[in-house]
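A closer look at the structure
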Amino acid sequence: MRALLPLLRSAWGGRTGALVVRLREGAAAGPGPRRAMASYRTEERGQPHSPGYRLFFKNEAGHYISPFHDIPLKVESKEENGIPTKRARNDESEVYLKNLFNMVVEVPRWTNAKMEIATQEPLNPIKQDVKDGKLRYVANIFPHKGYIWNYGALPQTWEDPHRNDKSTDCCGDNDPIDVCEIGSKVLSRGEVICVKILGILALIDQGETDWKLIAINVNDPEASKFHDIDDVRKYKPGYLEATLNWFRFYKVPEGKPENHFAFNGEFKNKAFALEVIKSTHECWKALLMKQCDGGAISCTNVQICDSPYHCAQEKARSLVESVSSSISKESQEEGRCSTTKPYGLGHAKLLDCFYLPEHFQKSKCGTSLASDGNI
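Residues numbered from 1 in each chain as written. Predicted model: local features only at pLDDT ≥ 70, side-chain atom pairs only at ≥ 80, totals over all residues. Heavy atoms only, no water.

This part is about the nonpolar core. Here is a general trend for soluble globular proteins: nonpolar side chains tend to be buried in one another's company. Among the nonpolar cores identified, the biggest contains 60 residues, and W149, I182, V232, W246 and F247 are the most heavily contacted of them. By residue number, the principal contributor to this core is helix α4 (residues 239–249), which donates seven residues. Setting aside its immediate chain neighbours within four residues, F247 contacts W149, Y151, C180, L201, L203, K212, N259 and F261. In this structure, L73, I200, W211 and A215 belong to the second largest nonpolar core, which totals 22 residues. (Core = buried A, V, L, I, M, F, W, Y, C linked by side-chain atoms within 4.5 Å. Buried < 20%, exposed > 50% of the residue type's maximum accessible area, 1.4 Å probe, protein only. Helix = DSSP H or I, 4+ residues; strand = E, 2+ residues; numbered from the N terminus. Contact = heavy atoms within 4.5 Å.)

With that settled, the discussion passes to the layout of surface pockets. Put simply, the largest pocket is a space of about 770 Å³. Around the largest pocket sit 32 residues that line it, and K114, E116, D129, R136 and D175 are the ones nearest its centre. For the lining of the largest pocket, the secondary structure elements donating two or more residues are β8 (115–117), β10 (130–131), β13 (150–153), β18 (208–217) and α4. Residues that form the lining of the largest pocket fall into these classes: eleven nonpolar, four polar and 17 charged. (1 Å grid on protein atoms, 1.4 Å probe; cavity = no way out; pocket = protein on both sides within 12 Å on 5 of 7 lines; lining within 4 Å. Points joined across faces, edges and corners; volume = space filled by probe spheres on them. Nonpolar A, V, L, I, M, F, W, Y, C, P; charged D, E, K, R; others polar.)

Turning our eyes to something else, we now look at the packing of aromatic side chains. How two aromatic rings sit relative to each other is given by the distance of their centres and the angle of their planes. In the structure shown here, the tally under the stated rule is 13 aromatic pairs. Residues W149 and F247 carry aromatic rings whose centres are separated by 4.9 Å and whose planes lie at 15 degrees to one another, so their mutual orientation is stacked. Taken together, the residues W149 in the loop between β12 (140–141) and β13 and F247 in helix α4 connect sequence positions 98 residues apart. With relative accessibility at 0%, the residue W149 sits in the buried group. Look at F247 and you get buried, because its relative accessible area is 1%. Considering the side-chain rings of F226 and Y235, the 5.7 Å spacing of their centres and the 65 degrees angle between planes classify their relative orientation as edge-to-face. With relative accessibility at 1%, the residue F226 sits in the buried group. (Phe/Tyr/Trp six-rings, centres within 6.5 Å; stacked < 30°, edge-to-face > 60°.)

A separate point is the pattern of salt bridges. For the structure shown, the criterion picks out 16 salt bridges. The salt bridge involving D178 is made with K212; its shortest N-O contact spans 2.7 Å. Here the residue D178 occupies a position in strand β16 (residues 178–181), and K212 occupies one in strand β18, the gap between them amounting to 34 residues. Residue classification places D178 among the buried residues on the basis of a relative accessible area of 9%. By relative accessible area, K212 is classed as buried at 2%. When salt bridges with common partners are traced through the structure, they connect E43, R45, K58 and E321 into a single cluster. (Salt bridge = Lys/Arg side-chain N within 4 Å of Asp/Glu carboxyl O.)

We now examine the state of the cysteines. As enumerated under the stated definition, the model contains zero disulfides in all. For C283, which is in no disulfide, the shortest distance to another cysteine sulfur is to C292 and amounts to 7.2 Å. (Disulfide = S-S within 2.5 Å.)

Here the focus is unusual backbone geometry. Excluding glycine, residues mostly carry a negative phi; peptide bonds, for their part, are mostly trans. Geometrically, the link from F142 to P143 is a cis peptide bond, its omega value of 5 degrees lying close to zero. Following the sequence through the fold, P143 ends up in the loop between β12 and β13. We note that D132 has phi near 55 degrees; this positive angle belongs to a residue other than glycine. As for its position among the elements, D132 is in the loop between β10 and β11 (134–135).

In an α-helix there are 3.6 residues to a turn, and that puts residues three or four apart on one side. For helix α5 (residues 270–288), spanning 19 residues, the distance from its first C-alpha to its last is 27 Å, which sits close to the expected 27 Å at 1.5 Å a residue. Of the residues making up α5, those classed as buried are A273, V276, I277, T280, H281, C283, W284, K285, A286, L287 and L288. Here α5 starts with a cap whose side-chain oxygen sits 3.3 Å from the backbone nitrogen of A271, and that cap is N269. At the exit of α5 stands K290, carrying a positive phi of roughly 60 degrees. (Expected span 1.5 Å × (residues − 1). Polar contact = N/O pair within 3.5 Å; in protein donor to acceptor, adjacent residues only side chain to side chain.)

See the structure below:
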């Protein structure tokens, strides 16, 4: 268990890599000096919009890691190159740091492909979800295009499907806790950013608790304005209402009923959200130490030495190669999820119109939308 502690208390400094999480000096970053927090790179295998597509993660040394298990939850380093920073001696900065978390971006804003951390695959790459043999895409919930935030997850968290949440009276959904990042920038798939937590929504999905954190990138130009959920209402009026409607209706075009929420759809504040994060982090620690039933979850990691699931980098590299080879063969055999026409007939039909909830006036579809890229 002691090997978990450095990951919970520290972020990795680094100068190389494609994805760098930074706290910038000035209003957007809040108190504290500018410093590089972490560096990660991603590696694509397979073609986007195909069942065989995978996005693997590497650390600054170029070693394969799990975004689920090996990226620290907290951004809370008290040392930089072994030297205590001024931030560590500043009470205001210490309070600020307690609300900083790493977020793994799975879905950029305005896109439709349902991408997710593959919790049941070794090293947990990002992949596109498949259901009934078909790639999954979310519908457009009028008047929006795709996901209305940058969507992702907090690493080192797990919503235990065997643990009843006292506040919702439902068990977890067996995934890392989800994050809706509301900043102004459209982020990239696989990006690792530092976020401030503002609040949380409790979606009840088929009898399971599916928490949705509301957060903002600390490097967003307006991040200094946001401290709690009421600030979202003040500075982004209508955003929380749009978020609630989006989650309520996004499965209806698939023929499913509207989703429901705990607390009558009320967004809980930052303090409540931090307690939920703490609870899901404890569940993750039990999972990694084999103290609970993880079912089909893959807990393979390269950083947590005391974990029974720890593996050497050579093993991690061979796992990536074997997974890539296996997926490539399966894709060739299954065959026909087209990469030249990525949505397929079913998805083209879905995206050619917006889903309009009943409280909007209904009209015939006539809009042909572009591909799943950023707009």
